Amino acid sequence: MQANGAGGGQQQQQPPQQQQQQQGPELGCLGAQNGEASAGTAAGEQLAHANGLLPAANSPGGLSVNNGVPAAGGPGPAAAELGGGGGGGGGSALKKKKRLSQSDEDVIRLIGQHLHGLGLNQTVDLLMQESGCRLEHPSATKFRNHVMEGEWDKAENDLNELKALVHSPHAIVRMKFLLLQQKYLEYLEDGKVLEALQVLRCELTPLKYNTERIHVLSGYLMCSHAEDLRAKAEWEGKGTASRSKLLDKLQTYLPPSVMLPPRRLQNLLRQAVELQRDRCLYHNTKLDSNLDSVSLLIDHVCSRKQFPCYTQQILTEHCNEVWFCKFSNDGTKLATGSKDTTVIIWQVDPDTHQLKLLKTLEGHAYGVSYIAWSPDDNYLVACGPDDCSELWLWNVQTGELRTKMSQSHEDSLTSVAWNPDGKRFVTGGQRGQFYQCDLDGNLLDSWEGVRVQCLWCLSDGKTVLASDTHQRIRGYNFEDLTDRNIVQEDHPIMSFTISKNGRLALLNVATQGVHLWDLQDRVLVRKYQGVTQGFYTIHSCFGGHNEDFIASGSEDHKVYIWHKRSELPIAELTGHTRTVNCVSWNPQIPSMMASASDDGTVRIWGPAPFVDNQDIEEECSSMDS
């Protein structure tokens with residue numbers, strides 16, 4: 001079959017009237033569409049389909065037509081098209097084809113590549129012939145065919161033709177290395193050890209490239225059978241799969257004008273979908289990179305009704321102010337601490353997302369202002385307010401108190417953080433020291449002279465972050481006994497929390513609100529607006545899928561939610577009647593959040609009930625652009 005589907009040599013016989021009406025390229029176009037090779041085609045010009053493109057018809061040297069301009073030496077049938085009108089009259093008037101823009105050419109090539117991947121080669125031929133575009137350089141087409149057919153010597157010769165089209169001279173060496181590596185592995189799989197050894201010694205080694213890899217390849221000579229070779233080389237074996245993967249690697253060295261990068265249209269569409277999701281303020285579900293999971297016909301948008309902005313449940317079992325709430329790491333439980341001296345543990349129903357009371361832990365004489373779950377969720381530590389010198393360590397499964405710890409009646413143990421190993425925790429307060437203890441309350445280490453407001457253990461298992469009365473967060477290393485300044489604010493840091501990856505810190509700053517810091521670069525990233533923050537201790541949190549959102553309580557009785565990238569709130573949740581002290585986002589259920597308030601209640605927030613597609617479409621149509 002000829003290039004771009006155009007018939008070469010002799011045209012098929014048609015009745016005289018049809019011959020007069022089908023001037024120009026239409027005969028070749030129809031011939032390619034029907035998959036018929038034109039008679040008289042030279043054997044040397046009969047190349048197999050490669051992305052549906054072969055050398056241009058009637059063009060010496062295989063030069064192709066581009067943008068409707070005839071190639072050198074040929075009459076260029078693709079340069080003209082039949083004129084409209086006058087169905088039964090005399091000869092049709094020829095007119096010049098409209099010249100395509102570069103972006104139009106690119107789109108046609110992308111579509112052609114995608115259609116070729118679907119096996120619609122005849123359609124690709126017709127598209128290229130009618131548009132006058134070239135899917136890829138003829139030398140690249142030959143190269144592709146020879147690689148897929150395993151004709152390695154011919155593929156090496158093709159590299160010499162491609163040399164002038166490659167920007168980097170080193171790229172040809174790398175491409176040749178990849179070719180010879182595949183050739184070597186296929187010889188080994190076929191049991192042709194002598195031929196494989198010849199490739200290794202006389203072809204790969206003289207390249208003087210990646211000698212370390214050559215040593216690894218030489219080790220494959222000791223493989224006893226093909227399965228052993230494929231396993232050790234992490235290779236699919238001789239055939240289409242491994243050669244396609246090889247071709248993908250080779251394409252990275254060629255300019256896109258010569259050969260398009262693999263699956264370019266799919267990659268562009270995937271990037272567009274991901275960008276729309278990233279820009280969607282309410283997107284709160286796992287990103288699926290599979291294009292089959294989305295519609296490409298409409299823009300991505302999430303409705304506020306799918307977001308945890310609606311009260312699902314109000315927990316009223318506490319009989320005084322609720323100071324703290326925290327979901328367990330596995331998301332199956334919620335712990336709430338109150339001024340009423342109790343901690344209540346709630347069970348989350350995995351199906352209905354309703355909470356029911358599981359256990360009540362009593363006896364915290366000063367009330368409970370801070371709670372921390374152990375990494376495995378088997379234990380829970382409860383702390384009291386400023387004048388509390390005691391700490392309670394509870395076994396969550398049995399509801400029994402394992403340890404009640406107090407180093408001194410003059411201590412203030414108001415904050416606690418677990419070491420990632422789950423065998424130690426640190427605790428401290430504003431009386432001037434903090435401690436590292438084991439599960440039995442035994443003192444392991446202490447750090448004197450630090451008035452602690454809030455604590456956090458980093459994932460390295462060595463560093464403890466502590467906010468102090470000097471409006472800063474410092475890092476303390478218990479192994480080498482060093483400390484360093486990380487964050488410096490101009491106002492008291494009432495509380496802070498750290499993102500899962502340890503990179504970001506979320507601070508509630510007195511009279512200022514919620515601040516986001518980058519701990520690695522030690523810079524203030526963003527100040528979130530809207531929240532009312534005085535000198536009460538309010539605990540904010542990261543949340544949602546991939547921790548894309550931030551939530552905080554407020555002294556104006558509201559819960560505020562921001563997208564991490566936006567300073568303005570995307571939701572203000574009302575319902576509480578006094579200060580909201582703490583919010584906690586379920587780490588396993590992105591659509592569930594809890595808030596604790598001085599009004600004595602805990603509210604569970606979730607999506608709007610009975611959300612259907614019509615509701616989403618109506619809300620989307622009314623959203624601000």
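The rules behind the values
Residues numbered from 1 in each chain as written. Predicted model: local features only at pLDDT ≥ 70, side-chain atom pairs only at ≥ 80, totals over all residues. Heavy atoms only, no water. Helix = DSSP H or I, 4+ residues; strand = E, 2+ residues; numbered from the N terminus. Buried < 20%, exposed > 50% of the residue type's maximum accessible area, 1.4 Å probe, protein only. Contact = heavy atoms within 4.5 Å. Pairing = 2+ DSSP bridges. Axes fitted to C-alpha atoms, helices over the stretch in contact; angles between N-to-C directions. UniProt positions renumbered as here; feature names shortened; annotations may be inferred. Disulfide = S-S within 2.5 Å. Expected span 1.5 Å × (residues − 1). Arc of directions from axis to C-beta. Parallel < 35°, antiparallel > 145°, perpendicular 65-115°, else oblique. Nonpolar A, V, L, I, M, F, W, Y, C, P; charged D, E, K, R; others polar. Phe/Tyr/Trp six-rings, centres within 6.5 Å; stacked < 30°, edge-to-face > 60°.

For the protein, an unreviewed UniProt entry supplies the name WD repeat-containing protein 26 and the organism Aythya fuligula.

### What to know about the overall build of the protein
Counting secondary structure elements, the protein contains 13 helices and 30 strands. When the 625 residues of the protein are sorted by exposure, 47% land in the buried category. Sequence separation of at least 24 residues holds for 50% of the intrachain contacts in the protein that already meet a minimum separation of 6.

### Describing the sheet that holds strand β27 (residues 571-573)
Read across the open sheet, the 4 strands follow the order β24-β25-β26-β27; overall the sheet is antiparallel. A strand with exactly one partner marks an edge of an open sheet, and here the two such strands are β24 (541-543) and β27. On average, each strand axis in the sheet is inclined to that of its neighbour by 25°, with strand direction left out of account. Bridge count for strand β25 (residues 549-552) against strand β26 (residues 559-563) is 4 bridges, and the pairing is antiparallel. Residue pairing in the sheet places Ile 550 in a bridge with Trp 562 of β26.

### Section: the UniProt feature "repeat: WD" (unreviewed entry) in the protein
Under the UniProt annotation, "repeat: WD" (unreviewed entry) lies at residues 315-349, 361-392 and 573-605. Within the segment residues 361-392, helix and strand shares are 0% and 38% respectively, and the terminal C-alpha atoms sit 10 Å apart. The straight-line gap between the two end C-alpha atoms of residues 573-605 is 9 Å; of that span, 0% is helix and 48% is strand.

### Examining the pairing of strand β13 (residues 424-428)
Within a regular beta strand, the side chains point alternately toward one face of the sheet and then the other, so they alternate between its two faces. Within β13, 4 of the 5 residues are buried, which leaves the element mostly enclosed by the surrounding structure. Relative to β13, strand β12 (residues 415-418) runs antiparallel, the two sharing 4 bridges. Across the sheet, Val 416 pairs through a bridge with Thr 427, a residue of β13. Examined bridge by bridge, β13 and strand β14 (residues 433-438) share 5 bridges and lie antiparallel to one another.

### Considering the pairing of strand β17 (residues 463-468)
Counting buried positions along β17 gives 6 out of 6 residues, so the element sits mostly inside the fold. Where burial is concerned, the two faces of β17 agree: the one with Thr 463, Leu 465 and Ser 467 and the one with Val 464, Ala 466 and Asp 468 are both buried. Relative to β17, strand β16 (residues 452-457) runs antiparallel, the two being bridged by 5 bridges. Bridge assignment links Leu 455 to a residue of β17, and that residue is Ala 466. From the end of β16 to the start of β17, which pair antiparallel, there are 5 residues, and Gly 461 there has a positive phi angle of about 75°. Judged from the 5 bridges that link them, β17 and strand β18 (residues 472-477) form a sheet pairing that is antiparallel. Note that in β18 the partner of Thr 463 across the bridge is Asn 477. Hairpin remark: β17 followed by β18, antiparallel, with 3 residues in the connecting loop; positive phi at Gln 471, about 60°.

### Looking at the state of the cysteines
By the definition in use, this model includes 0 disulfides. Of all cysteine sulfurs in the structure, the one in Cys 388 sits closest to Cys 383, which takes part in no disulfide; the separation is 7.5 Å. Accessibility expressed as a relative area gives 0% for Cys 383, which makes it buried.

### Brief notes about the sheet that holds β18
As summarised here, the arrangement of the 4 strands in space is β16-β17-β18-β19, forming an open sheet in which the pairing is antiparallel. Looking at the sheet topology across the chains shown, the edges are occupied by β16 and β19 (482-488). When strand polarity is set aside, the average angle formed by the axes of neighbouring strands in this sheet is 25°. Here 6 bridges tie β18 to β19, and the two strands are oriented antiparallel to one another. Looking at the pairing, Gly 475 lines up with Arg 484 of β19.

### A short note on helix α12 (residues 264-279)
Owing to its 3.6 residues per turn, the α-helix brings residues three or four apart onto one side. A rise of 1.5 Å per residue sets the reference length of α12, with its 16 residues, at 22 Å; its end C-alpha atoms lie 23 Å apart and thus fit the reference within 8%. Of the residues making up α12, those classed as buried are Leu 265, Val 273 and Arg 277. Axial view of α12: buried residues confined to an arc of 110°, hence all on one face. Packing partners of the buried residues in α12 comprise α3 (102-117).

### Thoughts on the packing of helix α7 (residues 169-189) against helix α10 (residues 226-233)
It is the contact of α7 with α10, at a shortest axis distance of 9 Å, that shows an interaxial angle of 150°. As the angle between them shows, α7 and α10 are arranged roughly antiparallel. Of the residues in α10, those touching α7 at Leu 185, Leu 188 and Glu 189 are Ala 226, Leu 229, Arg 230 and Ala 233. Here the residues of the contact of α7 with α10 are counted per class, giving 5 nonpolar, no polar and 2 charged.

### A closer look at the environment of Glu 156
Tracing the sequence through the fold places Glu 156 in helix α6 (residues 152-162). Along the primary structure Glu 156 and Lys 176 are separated by 20 residues, whereas in three dimensions their C-alpha atoms are 6.9 Å apart. Each residue touching Glu 156, except ones within four places of it in the same chain, is listed here: Lys 176, Leu 179, Leu 180, Lys 183 and Glu 203.

### Description of the packing of aromatic side chains
One pass over the structure, following the stated rule, counts 13 aromatic pairs. Ring geometry for Phe 324 against Tyr 370: centres 4.8 Å apart, planes inclined by 45°, an arrangement best described as tilted. Of the two residues, Phe 324 is situated in strand β4 (residues 322-327) and Tyr 370 in strand β8 (residues 370-373); the sequence distance between them amounts to 46 residues. The pair Phe 324 / Tyr 370 is uniform in exposure class, with both members buried. Judged by centre distance (6.4 Å) and plane angle (5°), the rings of Phe 434 and Trp 447 are stacked. With Phe 434 in strand β14 and Trp 447 in strand β15 (residues 443-448), this residue pair connects regions lying 13 residues apart in the sequence. The two residues Phe 434 and Trp 447 agree in class, both being buried. Through pairs of rings, three or more aromatic residues link up here, namely Phe 434, Trp 447, Tyr 476 and Phe 478.

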